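Each chain, written out:
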Amino acid sequence: MAALLLLFSVGALFFYSDAQENNYNKLPEGFKKGVDLALEKLHSHAGIQHHFLFLRSLLQSDIEAGFDVKYIYHHFYLKATTCQKGTADTTACQFRNDRPLIDCAMCYKSYQDEIEQEPKPYIHCVHKTVLTQEMKTARVEHCSNMGYSSGAPTLLASTGEK
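The following refers to the structure shown. (Residues numbered from 1 in each chain as written. Predicted model: local features only at pLDDT ≥ 70, side-chain atom pairs only at ≥ 80, totals over all residues. Heavy atoms only, no water.)

1. Focus on the state of the cysteines
Covalently bonding the sulfur atom of one cysteine to the sulfur atom of another cysteine gives a disulfide. The tally for this structure, following the rule as stated, stands at three disulfides. One disulfide bridge connects C83 with C93, the sulfur atoms lying 2.0 Å from each other. Because the sign of the S-S torsion sets the handedness, a value of about -110 degrees for the bond joining C83 and C93 places this disulfide among the left-handed ones. Residue C83 is found in strand 2 (residues 69-84), and its partner C93 is found in the loop between strand 2 and strand 3 (102-111); the two are separated by ten residues along the sequence. For C93, a relative accessible area of 0% translates into the label buried. Between the sulfur of C104 and that of C125 lies a disulfide, 2.1 Å long from S to S. Across the S-S bond linking C104 and C125, the dihedral sits near 120 degrees, which makes this disulfide right-handed. Separated by 21 residues along the polypeptide, C104 in strand 3 and C125 in strand 5 (residues 122-127) bring together distant segments of the chain. Using a relative accessible area of 1% as the deciding quantity, one classes C104 as buried. (Disulfide = S-S within 2.5 Å. Helix = DSSP H or I, 4+ residues; strand = E, 2+ residues; numbered from the N terminus. Buried < 20%, exposed > 50% of the residue type's maximum accessible area, 1.4 Å probe, protein only.)

Here it is, written out as structure tokens:
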């Protein structure tokens, strides 16, 4: 009986590990790049001691602007793991339940699923426990007001010379 319980526990642990990895792997490529950028920014903070992983998306939005250009908005959670910051192989990292989630919202322009540097990507990540309604409103307003335009006139807009 004890062996069966141990076997079930180990199986559940592997299932849980696969589930956390699968959430990230199910994201479209352009959204993965955004999550990677947010994780890079988060892990660069000196106060962060544990490795964080993507938990789940709350809202995904992308607008196709044509010519492989997309404008992306992504609201998601990151969660601390049992691994120390800087861990290279995260396959053994398990989510911790004693730390608050990190609530992230970001918007950016991508070209062929690569994040463009202009306009500068907007990343706002904060512990979920301190996220206020004002912060949520500011996020949406910032992304709505960001000067995302398709840039210079294209050949389709030119009239030629007479």
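2. Side note on the packing of aromatic side chains
According to the stated counting rule, one finds two aromatic pairs in the structure shown. Where Y24 meets F54, the ring centres are 6.4 Å apart and the plane angle is 65 degrees; that geometry is what we call edge-to-face. Pair noted here: Y24 is in helix 1 (residues 2-25) and F54 is in strand 1 (residues 50-66), with a separation of 30 residues, a long-range link. Judged by relative accessible area, which is 21%, Y24 ranks as partly exposed. The interplanar angle of 45 degrees and the centroid separation of 5.9 Å between the aromatic rings of F54 and F76 together place this pair among those described as tilted. A residue pair is termed long-range when its members are at least 10 positions apart, and F54 in strand 1 and F76 in strand 2 qualify at 22 residues. Take F54: its relative accessible area is 3%, and that puts it in the buried class. Residue classification places F76 among the buried residues on the basis of a relative accessible area of 0%. An aromatic cluster of at least three residues, connected via ring pairs, comprises Y24, F54 and F76. (Phe/Tyr/Trp six-rings, centres within 6.5 Å; stacked < 30°, edge-to-face > 60°.)

Nothing here speaks to function; it is all geometry.
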